[in-house]
Amino acid sequence: MSRSAWHGAGGPEDWDRHASLYSRQLWLERASVRTALALLGARGDERVLDAGTGTGEVLRQLGRVHARPRAVTAVDFSVGMLASLPPLPCGWCAQLCDLRALPHASGSFDAVIASYVLHLLASCDLPVVLDELRRVLRPGGRLVTVTPALPPRGPGRALAAVLERAARSAPARLGGLHALDPRAALSAAGFTLAAARWSLRGYPSLCVLGTLR
Ligand SMILES: C[S@@+](CC[C@H](N)C(=O)[O-])C[C@H]1O[C@@H](n2cnc3c(N)ncnc32)[C@H](O)[C@@H]1O
């Protein structure tokens, strides 16, 4: 993967345009989201933030877990994506906001999931967003991330390398395929790396669990 700065993939209006097509590719994310939610292990008494919720794949899966969290806040900066969310259970809500400047008080959440969003951010915005996610987590809180990433070996690595080249050649259209291993950035933002799992069904992806002291 090239080490040059990544300029990001798409503002809210781009995601508004993608919203109707987005759900068609969700089957390629499902296994990774499932892996991430298992790593996060959210409990019924917890407050969870779904950062960059999109059309709500995380919410659909969270709604089916045995101990469904009592309070889930789903945020996104695209009106079009939020308009495609499923009906939310009582106690869950959706908000239009930018991850670079969250409106929530410090320590508002026990757990955060950022599924297929960190890799879209420009290199200069990634630490800003991670600082915000750390700020809104309580001490001892957990963050789980899912990003397309280059697996260390195996056939998934060749496929991920092709997707990465495509993302860099057409960031506006294919930037969602950009590969990112977020572990160094998570550490730099103050998270302790607690676990990492590759998911190679669908998009080759890396799920990372970071915890706060
Ligand atoms: C690839 S989609 C992922 C959606 C969902 N998390 C999933 O796993 O299916 C990325 C989402 O992040 C949102 N997003 C990107 N940058 C954002 C930002 N700075 N603030 C809020 N939302 C953002 C986009 O609008 C889009 O809905």
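Remember, predicted model here, so these are calculated numbers, not experimental data.

(A) Structural detail: the sheet that holds strand β7 (residues 205–211). The strand order across the open sheet built from seven strands is β3-β2-β1-β4-β5-β7-β6, with neighbouring strands paired in mixed fashion. With partners counted over all chains shown, the strands left at the sheet margins are β3 (92–96) and β6 (192–199), one partner each. Between one strand and the next, the sheet's axes are offset by a mean angle of 15 degrees, whatever the strand orientation. Where strand β4 (residues 109–115) and strand β5 (residues 137–148) come together, six bridges link them in parallel fashion. Bridged to alanine 114 within β5 is threonine 145.

(B) Main features of the site of the ligand. As a structural note, the neighbourhood of the ligand is formed by 18 residues, with Glu29, Gly52, Asp76, Leu99 and Ser115 the closest of them. Glycine 52 is positioned such that a nitrogen or oxygen atom in its backbone is 2.6 Å from a nitrogen atom of the ligand. Separating a nitrogen atom of the ligand from a backbone N or O atom of phenylalanine 77 is a distance of 3.2 Å. Starting from 600 Å² of accessible surface for the ligand in isolation, the protein chains cover 98%. For the shell around the ligand, the residue count by class is ten nonpolar, five polar and three charged.

(C) Quick peek at unusual backbone geometry. The phi torsion at tyrosine 116 lies on the positive side, around 50 degrees, for a residue other than glycine. Residue position: tyrosine 116 is located in the loop between β4 and α5 (126–136). Residue classification places tyrosine 116 among the buried positions, given a relative accessible area of 7%.

(D) Inspection of the environment of proline 69 at higher detail. One can find proline 69 in the loop between α3 (57–64) and β2 (71–76). Judged by its relative accessible area of 1%, proline 69 is buried. Taking the C-alpha atoms as reference, proline 69 lies 5.9 Å from aspartate 45; in sequence the two are 24 residues apart. Those residues in contact with proline 69 that sit more than four places away from it in its chain are Ala42, Arg43, Gly44, Glu46, Val48, Leu62 and Trp92.

(E) Geometry of helix α6 (residues 155–169). Under the 1.5 Å per step criterion, the end-to-end length of α6 is 22 Å for 15 residues, consistent within 8% with the ideal 21 Å. Taken together, the buried positions of α6 are occupied by Gly156, Ala160, Glu164 and Ala167. Buried residues of α6, seen end-on, are gathered within an arc of 75 degrees and therefore sit on one face of the element. Set apart from the buried face of α6 by more than 90 degrees, the exposed residues are Pro155, Arg165 and Ser169. Those residues of α6 that are buried lie in contact with α7 (171–174).

(F) Highlighting the pattern of salt bridges. If you walk through the whole model with that rule in mind, you get 14 salt bridges. For glutamate 57, the salt bridge goes to arginine 60, with nearest N and O atoms at 3.7 Å. Taken together, the positions of glutamate 57 and arginine 60, both in helix α3 and three residues apart, correspond to about one turn of that helix. What makes arginine 60 partly exposed here is its relative accessible area of 26%. Members of the salt-bridge network, linked through shared partners, are Arg43, Asp45, Glu46 and Arg142.

(G) Examining the environment of threonine 211 more closely. Along the chain, threonine 211 turns up in strand β7. Sequence spacing of threonine 211 and leucine 40 is 171 residues, and the spatial spacing of their C-alpha atoms is 9.9 Å. Non-local contacts of threonine 211, meaning those with residues more than four positions away in its chain, are made with Gly141, Arg142, Gly190, Phe191, Thr192 and Ala194.

About the cut-offs
Residues numbered from 1 in each chain as written. Predicted model: local features only at pLDDT ≥ 70, side-chain atom pairs only at ≥ 80, totals over all residues. Heavy atoms only, no water. Pairing = 2+ DSSP bridges. Helix = DSSP H or I, 4+ residues; strand = E, 2+ residues; numbered from the N terminus. Axes fitted to C-alpha atoms, helices over the stretch in contact; angles between N-to-C directions. Near = heavy atom within 4 Å. Polar contact = N/O pair within 3.5 Å; in protein donor to acceptor, adjacent residues only side chain to side chain. Areas by Shrake-Rupley, 256 points an atom, 1.4 Å probe, with all protein chains shown as cover. Nonpolar A, V, L, I, M, F, W, Y, C, P; charged D, E, K, R; others polar. Buried < 20%, exposed > 50% of the residue type's maximum accessible area, 1.4 Å probe, protein only. Contact = heavy atoms within 4.5 Å. Expected span 1.5 Å × (residues − 1). Arc of directions from axis to C-beta. Salt bridge = Lys/Arg side-chain N within 4 Å of Asp/Glu carboxyl O.

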